[in-house]
Amino acid sequence: GGRLNKLEERLGTNWLNKLGIVILVFGVSLFLAFQLRTLGPLGKVLVGYAVCATLLIGSLVLERRHKYRIFVRAGIGGGWALTFFTTYAMYHIPATQVLSSQDLDLALMLLAAVGMVWHSLRYESQVVTGLAFLLAFSTVTISHVTVFSLVASGILAVGLVYVTSREHWFELELAGLVCVYLNHFLWLKRLLPTRGGPGHPFPELFPSAALILFYWLIFRLAYVRRVPRSDKEELISTVLAVLNSAGVLILLRYQSYHREWAFWALIAFGAAEMLLAFYSRSRRRIPFIVLSTIASALLLAAIPFRFSGSNWSALWLLEMETLLFCGLRMREAVFRRLGILAGYAAAIQLAIGSVAPVYVWRQVHLDSGRHMAVAIALACGAILYWLNAQTLPRFWKELISEDPDRLALRFTSYLGLLAAGACLWIFFPASQTVVAWMILAVILGWTADKVDSVDLAFQCDLIAAAAFLRILVVNLLISGHWGPLSQRAVTVLAASALFYVCTRRKKVIWNISPVWIPTAYSWSGSVLLALLAWYELLPISVAIAWGILGLVLFEIGHIKDKSYLRYQGYALLLASFIRIFFANMNAGSPAHWLTPRVYTVLPLVAAYYWTYGRLDGSENSTRLDRIFGLASAHLGSVALAALAYFEIRSPWVIDAWAVMVFLTILGGWTLKRQIFVAQALVLAITVFLRAVLFNLHAAPLAGSSRWEGRIACISVACAIVFLTLPMAFRIRRLGPQQPASSNQLIRCLHLAICRPEQLLFFTPLLLVTVMLTHEMRAGLITVSWSALGVAVFLIALVIRERSYRLAGLALLLLGVAKILFVDVWKLAPADRYITLIVMGAALLLVSFLYTRYREILLKFL
């Protein structure tokens with residue numbers, strides 16, 4: 001209840017009287033400015049002065065009673081404000097013009113201002129004096145503003161500065177400064193549209209500039225001459241100094257149309273501020289600091305204006321640096337935070353006023369211009385943002401210790417990244433942008449290591465990611481040329497090289513493992529090079545390029561012991577292997593033996609085998625290295641087999657594969673590598689399947705010779721496979737190794753690899769048997785089986801291999817079964833007799849051999 005009563009008392013006795021006097025003064029001012037038909041100019045002036053007299057005399061009468069003191073002071077302020085405006089209106093407002101001399105009216109206005117100051121000072125009340133001055137400024141503003149009304153504002157400003165300096169009412173001076181510059185801005189806002197808008201000449205330019213400089217001078221002289229009595233007064237005084245500089249620069253910039261004068265204006269202002277700084281040096285330290293900072297900023301800002309023209313962004317950046325350094329040197333957090341906020345405002349202005357128009361223009365036009373002015377402004381902004389974010393917390397640790405300031409400055413660093421990225425995008429358009437961005441990424445990464453900055457390291461990653469995405473969206477789709485050079489090739493190659501350079505960065509972010517930095521950047525570079533090969537080269541050359549790049553990355557990773565480079569090499573080698581089946585194998589074959597398939601696939605086969613050789617037995621290899629080492633050997637063999645399939649005439653494909661069986665078993669024997677033995681066994685099975693499913697049923701090719709017949713091709717293939725048996729037996733003598741796994745399938749496969757002579761014998765034997773069954777006429781099938789069985793049996797006796805001997809007996813028994821169940825009933829008599837005679841002879845021969853070599857056979861058993 002007590003609080004509510006106090007609020008009600010303050011509202012009724014204090015606020016309502018001030019609100020009432022404000023409304024009354026504005027009402028009388030509008031009345032004087034309105035052209036009523038019933039009252040002439042003199043009548044309006046008399047009414048105005050009557051109201052003024054009523055307010056002043058009534059206030060003086062009520063002043064004697066203590067309880068009306070608050071009410072009286074509001075009336076005195078309003079009365080003097082209305083007196084000043086009425087005096088001003090006697091000449092400058094057409095509806096109340098009763099004087100014909102402007103000089104006389106200005107003299108009367110000066111007398112009114114002196115009287116207002118003299119009377120208000122009697123009360124030593126900032127409220128009374130402030131109300132009088134602020135209402136006077138407001139009444140001048142709402143009238144028909146002319147250049148002479150601005151003179152009235154100047155007279156009021158002189159009086160205000162005198163009073164506030166004498167009484168140390170700096171809050172009132174701050175409000176007066178805002179009113180002076182706001183009045184002038186409103187006057188320009190009304191005037192310039194009638195003169196063609198901002199940037200166009202108008203007759204009142206020089207009077208307006210003179211008044212603006214006059215405002216600046218009176219407030220600046222008051223600043224350097226006063227001596228504040230407390231820290232609060234010093235703070236407000238410094239705010240006044242900064243706002244004074246901002247006001248004069250903004251107004252001069254807004255009304256100017258000679259933009260080339262900006263350089264000289266900044267030089268002149270900077271020199272003037274520096275002279276005033278040295279003037280105040282012997283009197284007070286803080287004005288020297290503030291004014292010298294402002295002067296330095298103005299002189300530095302003049303340089304970009306000289307080359308890029310007037311720019312609002314430079315003014316914002318100028319204010320940012322001024323406020324920041326004033327706050328640091330005065331140890332005032334308010335200025336520092338205002339400076340940071342000014343930097344954010346400058347960033348928004350740069351984005352909306354500078355970058356957005358260029359972006360919109362480039363959406364509808366082929367623009368290769370550099371836009372020097374915008375680029376310079378963005379470059380200046382980026383440098384300032386980075387310098388503020390990186391240097392201020394290091395050199396002023398005790399000042400930039402609070403979380404809001406520190407976080408705000410960290411975010412400022414990212415504004416620097418945005419400004420720099422936009423600057424490079426504008427200055428290096430189209431395909432050039434990514435190269436510039438990647439150079440920036442390298443510089444940021446190097447700087448992050450030097451200054452130990454997490455923010456710069458993260459920004460390095462951000463700009464690199466942006467460059468990567470831009471390459472995917474823009475650069476890879478560009479088909480233009482710079483002379484003989486392709487834009488796509490030059491820019492993507494340069495960007496990829498810079499991605500590899502970024503792998504040298506050491507500074508990590510978010511506590512991730514340091515190895516992820518080179519891994520991510522090198523993968524990005526490798527992916528871009530692979531995509532460049534896809535877009536830039538002929539389809540048949542892509543696999544070769546991928547294979548070469550993969551081999552280079554593998555070798556570098558193998559020598560430098562960089563697993564991430566080896567893995568990239570594996571990915572590219574695998575991609576090249578897949579690619580050859582979509583492009584290289586389907587390439588047309590000219591008449592010459594050296595076809596595109598041959599000279600593009602054979603180098604890749606060599607690369608696959610080379611990779612296996614380098615990884616085989618490597619001491620520092622990982623599990624993935626060992627897996628791909630084995631896989632690369634298989635890739636080479638599969639690619640070579642596929643090349644034979646596409647390159648050689650179809651009847652002789654099995655013979656080419658049979659040669660591969662011979663070569664792989666030879667490699668397994670000489671190199672003592674079971675992987676090649678396993679490949680030989682798989683290839684032998686492939687030869688059998690190809691012969692059964694294709695060669696035995698395919699029609700002869702047009703123009704083929706008798707050497708391309710079924711019997712010739714299959715016989716040669718079987719003979720080549722049989723030739724591998726001596727090497728297979730030598731491999732078996734090396735001794736079987738028991739597999740570590742208990743899986744029965746794995747143990748069987750391991751046994752087959754350790755005894756390759758079994759599969760390499762039975763596969764061609766079965767193929768010969770099937771070929772004889774398919775090619776011989778019914779009467780000779782049994783004869784051929786018996787002859788083959790005897791031959792196999794004899795070979796088994798020579799090499800002392802029981803499984804072979806059993807295979808020969810199985811062929812003979814198969815022939816006997818065929819005679820009993822088929823031949824006796826279906827063959828012609830002549831064929832039947834021949835079959836029986838040959839089979840009988842074969843059985844007798846085998847029986848004799850069993851009897852003759854019984855001891856040897858029992859030893860085998």
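Residues numbered from 1 in each chain as written. Predicted model: local features only at pLDDT ≥ 70, side-chain atom pairs only at ≥ 80, totals over all residues. Heavy atoms only, no water.

Participant: Tell me about the overall build of the protein chain, and please be specific about residues and values.
Facilitator: Along the protein chain, the regular secondary structure elements total 33 helices and two strands. Buried positions account for 49% of the 861 residues belonging to the protein chain. The contacts of the protein chain with a sequence gap of at least 6 include a subset with a gap of at least 24, amounting to 72%. In the form shown here, the protein chain has an accessible surface area of approximately 42200 Å², with 69% of it arising from carbon and sulfur atoms. (Helix = DSSP H or I, 4+ residues; strand = E, 2+ residues; numbered from the N terminus. Buried < 20%, exposed > 50% of the residue type's maximum accessible area, 1.4 Å probe, protein only. Contact = heavy atoms within 4.5 Å. Areas by Shrake-Rupley, 256 points an atom, 1.4 Å probe, with all protein chains shown as cover.)

Participant: Let's hear about the packing of helix α27 (residues 725–733) against helix α29 (residues 756–775): which residues, and what values?
Facilitator: Across the interface, α27 lies against α29 with an axial gap of 8 Å and an inter-helix angle of 155°. Accordingly, the angle class assigned to the pair α27 and α29 is roughly antiparallel. For the pair α27 and α29, contact is made by Leu725, Ala728, Phe729, Ile731 and Arg732 and by Pro756, Glu757, Gln758, Leu760 and Phe761, respectively. By residue class, the composition of the contact of α27 with α29 is seven nonpolar, one polar and two charged. (Axes fitted to C-alpha atoms, helices over the stretch in contact; angles between N-to-C directions. Parallel < 35°, antiparallel > 145°, perpendicular 65-115°, else oblique. Nonpolar A, V, L, I, M, F, W, Y, C, P; charged D, E, K, R; others polar.)

Participant: Residues and numbers for a positive patch on the surface, please.
Facilitator: Together, Arg504, Lys506, Lys560 and Lys562 give the surface a local cluster of positive charge. Within the secondary structure, Arg504 sits in the loop between α18 (487–501) and α19 (516–536). (Patch = residues over 30% accessible without salt bridge, like charges linked within 9 Å, V, L, I, M, F, W, Y side chains within 5 Å. Salt bridge = Lys/Arg side-chain N within 4 Å of Asp/Glu carboxyl O. Lys, Arg positive; Asp, Glu negative; His and termini not counted. Charge placed at Lys NZ, Arg CZ, Asp CG, Glu CD.)

Participant: Pulling in residues and values, what's your account of helix α28 (residues 744–754)?
Facilitator: Here α28 has its buried residues at His750, Ile753 and Cys754. Across the axial projection of α28, the buried residues extend over an arc of 95°, all falling on one side. In α28, the exposed residues that point more than 90 degrees away from the buried face are Gln744, Leu745 and Leu749. As for α28, its buried residues are in contact with α25 (674–695), α27 and α29. (Arc of directions from axis to C-beta.)

Participant: Help me get a handle on the environment of Tyr254, residues and values and all.
Facilitator: With respect to the helices and strands, Tyr254 occurs in helix α9 (residues 231–255). Put simply, Tyr254 and Phe185 are 69 residues apart on the chain and 8.7 Å apart in space, counted from C-alpha to C-alpha.

Participant: Give a detailed account of the environment of Tyr385, specifying residues and quantitative values.
Facilitator: Within the element layout of this structure, Tyr385 appears in helix α14 (residues 372–395). Along the chain, Tyr385 and Ser413 lie 28 residues apart, while their C-alpha atoms are 5.6 Å from each other. If sequence neighbours within four positions are ignored, Tyr385 has contacts with Leu317, Met320, Gly343, Ala346, Ala347, Thr412, Ser413, Leu415 and Gly416.

Participant: How would you summarise the packing of helix α24 (residues 653–671) against α27 if you had to cite specific residues and measurements?
Facilitator: A pair of packed helices is characterised by two quantities: the angle between their axes and the separation of those axes. Relative orientation of the contacting elements α24 and α27 amounts to 30°, with a least axis distance of 10 Å. Taken together, the axes of α24 and α27 lie roughly parallel to each other. When the axes of α24 and α27 are compared, the crossing they make is left-handed. Along its contact with α24, which presents Phe662, Ile665, Leu666, Gly668 and Trp669, the element α27 presents Met727, Arg730 and Ile731. For the contact of α24 with α27, a count of residues per class yields six nonpolar, one polar and one charged. (Left-handed = near helix turned anticlockwise from the far one by under 90°.)

Participant: Residues and numbers for the state of the cysteines, please.
Facilitator: The full count for this structure, using the stated rule, is zero disulfides. No disulfide involves Cys380; its sulfur sits 8.8 Å from the nearest other cysteine sulfur, which is in Cys423. You can call Cys380 partly exposed: its relative accessible area is 28%. Since its relative accessible area comes to 10%, Cys423 is described here as buried. (Disulfide = S-S within 2.5 Å.)

Participant: Residues and numbers for the packing of aromatic side chains, please.
Facilitator: In total, this model carries 25 aromatic pairs according to the counting rule given. Ring centres 5.9 Å apart and planes at 40° place the aromatic pair Phe554 and Tyr570 in the tilted group. Of this pair, Phe554 sits in helix α20 (residues 539–560) while Tyr570 is found in helix α21 (residues 563–584), placing the two residues 16 residues apart along the sequence. The residues Phe554 and Tyr570 share a single accessibility class, namely buried. Between Phe761 and Phe762 the ring centres are 5.3 Å apart and the planes differ by 85°, which places this aromatic pair in the edge-to-face class. The class for Phe762 is partly exposed, based on a relative accessible area of 30%. The ring of Trp534 has Arg579 sitting right over it, with the charged end atom 4.8 Å from the ring centre. Sitting above the plane of the Phe694 ring, Arg690 keeps its charged end 3.9 Å from the centroid. (Phe/Tyr/Trp six-rings, centres within 6.5 Å; stacked < 30°, edge-to-face > 60°. Lys NZ or Arg CZ within 6 Å of the ring centre and 35° of its normal.)

Participant: Summarise the side chain of Lys507; cite the residues concerned and give the values.
Facilitator: Within the secondary structure, Lys507 is located in the loop between α18 and α19. A residue is classified by how much of its surface remains accessible, and Lys507, at 18% relative accessible area, is buried. A distance of 2.5 Å separates polar atoms of two side chains, one belonging to Lys507 and the other to Asp452. Not counting residues within four places of it along the chain, the set of residues in contact with Lys507 comprises Ala448, Asp449, Asp452, Ser453, Val454, Ala457 and Ile517. (Polar contact = N/O pair within 3.5 Å; in protein donor to acceptor, adjacent residues only side chain to side chain.)

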